[in-house]
Every structure is written in C-alpha cells, then in structure tokens.
Amino acid sequence: MSFFKLDSLFDHLTAFIESKVDIYKIELREEASKALSRLMVGLLLFSLGWFFIMFLSLAAGYYFSTLLGSFFYGFLIISGIYLLLFTLVFLLKKQLGLKEFFDKQIENWLNSDK
C-alpha cells in the first residue's frame, strides 16, 4: 500500500513541476511580448523623429541656400551646426549627465508595465 502512495506522490510532484514550468513559459512569453512591443514603439518614435530632423535639416539647408545663393554654403551651414552640436555634447557629456539620464531611461523602459 505504501508503494502506491509513493507512486501517487511522485505523479503529483511531476504534475506540479510541469505546471510550474508551464506557468514560467507563459510568464516569459508575456514579458517577451511586452518588451517587443516597447521596442517596436521605441523604433517607431525614433524613426519618426529621425525623419523629422532630416526633413527639417533639408528645409533649413535649402533656406540658407536661397539666402546665400549657393547650395554648397547653405548645406555647409547646416553641417557646421551639427558639428557644433556634436562637439558640445561630446565635450560636455559628463556635465550634462547623459550617462545617468540614459541609464535611468533604460531602467524605466525595462521596468515599465505598459
């Protein structure tokens, strides 16, 4: 009789472990789905922002070109502005706290429930 109880206990334990594994699989799928969704929204926003900046840069380049009468100088001004911004951010990255800002943004992104 004791053998049947051990066999039943083993069956229940196996079923319990299988159920736990299934629950973890479902939770993992949910988390992966949420992360993929956040990634896709982030990529969409990044793409839209990128296109906005590119078309704004083109418009500004053409604007300066008409003011100066030369496409070369118009777009050179826009390139110079980007070079100036790059240099400022590069030199002031510690003072601006960019690493801490992005670390916090990534942490918020990973821990968001939306």
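Structure shown above.
Residues numbered from 1 in each chain as written. Predicted model: local features only at pLDDT ≥ 70, side-chain atom pairs only at ≥ 80, totals over all residues. Heavy atoms only, no water.

Chemist: Would you mind going over the side chain of Ser-57 with me for this structure?
Modeler: Summarising the element assignment, Ser-57 is placed in helix H1 (residues 2–68). A distance of 2.3 Å separates a polar atom in the side chain of Ser-57 from a polar atom in the side chain of Tyr-82. Ignoring anything within four residues of it in the chain, the contact list for Ser-57 reads Phe-75, Ile-78 and Tyr-82. (Helix = DSSP H or I, 4+ residues; strand = E, 2+ residues; numbered from the N terminus. Polar contact = N/O pair within 3.5 Å; in protein donor to acceptor, adjacent residues only side chain to side chain. Contact = heavy atoms within 4.5 Å.)

Chemist: Which parts of the structure should I look at to understand the pattern of salt bridges?
Modeler: It is possible for side chains of opposite charge to pair when their charged atoms get near one another. Evaluation of the coordinates by the stated rule reveals one salt bridge. In this structure, Lys-99 engages Asp-103 in a salt bridge whose closest nitrogen and oxygen atoms are separated by 2.9 Å. Of this pair, Lys-99 and Asp-103 both sit in helix H4 (residues 98–111), four residues apart, which is roughly one turn of that helix. (Salt bridge = Lys/Arg side-chain N within 4 Å of Asp/Glu carboxyl O.)

Chemist: So what exactly am I meant to see when it comes to the environment of Ile-81 here?
Modeler: Checked against the element boundaries, Ile-81 lands in helix H2 (residues 71–91). Between the alpha carbons of Ile-81 and Phe-16 there is a distance of 64 Å; along the sequence they are 65 residues apart.

Chemist: Help me understand the environment of Asn-111 in this model?
Modeler: Mapped onto the secondary structure, Asn-111 falls in helix H4. On the basis of relative accessible area, Asn-111 is assigned to the exposed category, the value being 53%. (Buried < 20%, exposed > 50% of the residue type's maximum accessible area, 1.4 Å probe, protein only.)

Chemist: Please clarify how the packing of aromatic side chains should be interpreted in this entry.
Modeler: Note on aromatic pairs: each is described by the distance of the centres and the angle between the planes. Following the criterion strictly, the structure yields eight aromatic pairs and no others. Between Phe-46 and Trp-50, the ring centres sit 6.3 Å apart and the planes meet at 25°, which makes this aromatic pair stacked. You can see Phe-46 and its partner Trp-50 sitting in helix H1, four residues apart, about one turn around the helix. Between Phe-86 and Phe-90, the aromatic rings sit 6.1 Å apart at their centres with planes inclined by 15°, giving stacked as the arrangement. On the criterion of helical spacing, the pair formed by Phe-86 and Phe-90 is a turn pair, its members being four residues apart in helix H2. Here a set of aromatic residues connected by ring pairs shows up, and it is made of Tyr-62, Phe-71 and Phe-75. (Phe/Tyr/Trp six-rings, centres within 6.5 Å; stacked < 30°, edge-to-face > 60°.)

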